[in-house]
Amino acid sequence: EAIFAGNVIAKKGQLIIAADKMIARYSNNNNNEIFGHTKKVKNVNKPLNWKINQILATGNVKIDTGKEIAYGSEAEYDLINATIILNKNVKLIQ
């Protein structure tokens, strides 16, 4: 996982997520294992294909889909299932 702090912006297509802090969690598409603080590599000779599978955003979260803008204190973006859960002080503007 990687931690980013201070006016962080993540973009995917038209989706923009902005927050004070984000944690990106990665998976290795070769074996679909999800990694946190400890990296587990079964075969170091095998090429690794790391992809972000989840983003946790906290603090002044803003989600802009291009059609709607939502605000909240916390968000969890699941890239595998293409879902976003926004929590605490949520406001949606269409």
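For the structure itself, look to the data block above.
Summary of the structure given here.

Thresholds, definitions, all that
- Residues numbered from 1 in each chain as written.
- Predicted model: local features only at pLDDT ≥ 70, side-chain atom pairs only at ≥ 80, totals over all residues.
- Heavy atoms only, no water.
- Helix = DSSP H or I, 4+ residues; strand = E, 2+ residues; numbered from the N terminus.
- Buried < 20%, exposed > 50% of the residue type's maximum accessible area, 1.4 Å probe, protein only.
- Lys, Arg positive; Asp, Glu negative; His and termini not counted.
- Salt bridge = Lys/Arg side-chain N within 4 Å of Asp/Glu carboxyl O.
- Polar contact = N/O pair within 3.5 Å; in protein donor to acceptor, adjacent residues only side chain to side chain.
- Contact = heavy atoms within 4.5 Å.
- Core = buried A, V, L, I, M, F, W, Y, C linked by side-chain atoms within 4.5 Å.
- Pairing = 2+ DSSP bridges.

**Looking at the side chain of Asp78**
1) Next: Residue placement: Asp78 occurs in strand β5 (residues 69-78).
2) Next: Buried and without a salt bridge, Asp78 has Lys12 as its closest oppositely charged side chain, separated by 9.3 Å.
3) Next: At a separation of 3.0 Å, a polar atom in the side chain of Asp78 contacts the main-chain amide nitrogen of Ile80.
4) Next: In this view, Asp78 contacts Asn53 and Thr83; residues no more than four positions away in its chain are not counted.

**Details of the environment of Asn89**
1) Next: Relative to the helices and strands, Asn89 resides in the loop between β6 (83-87) and β7 (91-93).
2) Next: In the structure, Asn89 is positioned 16 residues away from Ser73 in sequence and 6.2 Å away in space, judged by C-alpha atoms.
3) Next: Dropping the residues within four chain positions of it, Asn89 is found in contact with Tyr71, Gly72 and Ser73.
4) Next: A distance of 3.2 Å separates polar atoms of two side chains, one belonging to Asn89 and the other to Ser73.

**What to know about the pattern of salt bridges**
1) Next: Counting across every chain of the model gives one salt bridge.
2) Next: With a closest N to O distance of 3.3 Å, Lys88 and Glu74 form a salt bridge. Taken as a pair, Lys88 in the loop between β6 and β7 and Glu74 in strand β5 lie far apart in primary sequence, 14 residues in all.

**Concerning the nonpolar core**
1) Next: Within the largest apolar cluster, 14 residues are counted, with the highest numbers of intra-cluster contacts made by Ile17, Met22, Ala57, Val61, Ile63, Ala75 and Leu86.
2) Next: Contributing elements (two or more residues each) for this core: β1 (2-12), β2 (15-28), β4 (50-64) and β5.
3) Next: Contact partners of Val61, with chain neighbours within four places excluded, come to Ala18, Ala19, Ala70, Tyr71, Gly72, Ser73, Glu74, Ala75 and Leu86.

**A few points about the pairing of β6**
1) Next: Note that β5 and β6 share five bridges and pair antiparallel. Bridging across to β6, Tyr77 finds its partner in Ile84.
2) Next: Counting the residues that bridge the hairpin from β5 to β6 gives four residues, and of these Ala82 lies at a positive phi of roughly 55°.

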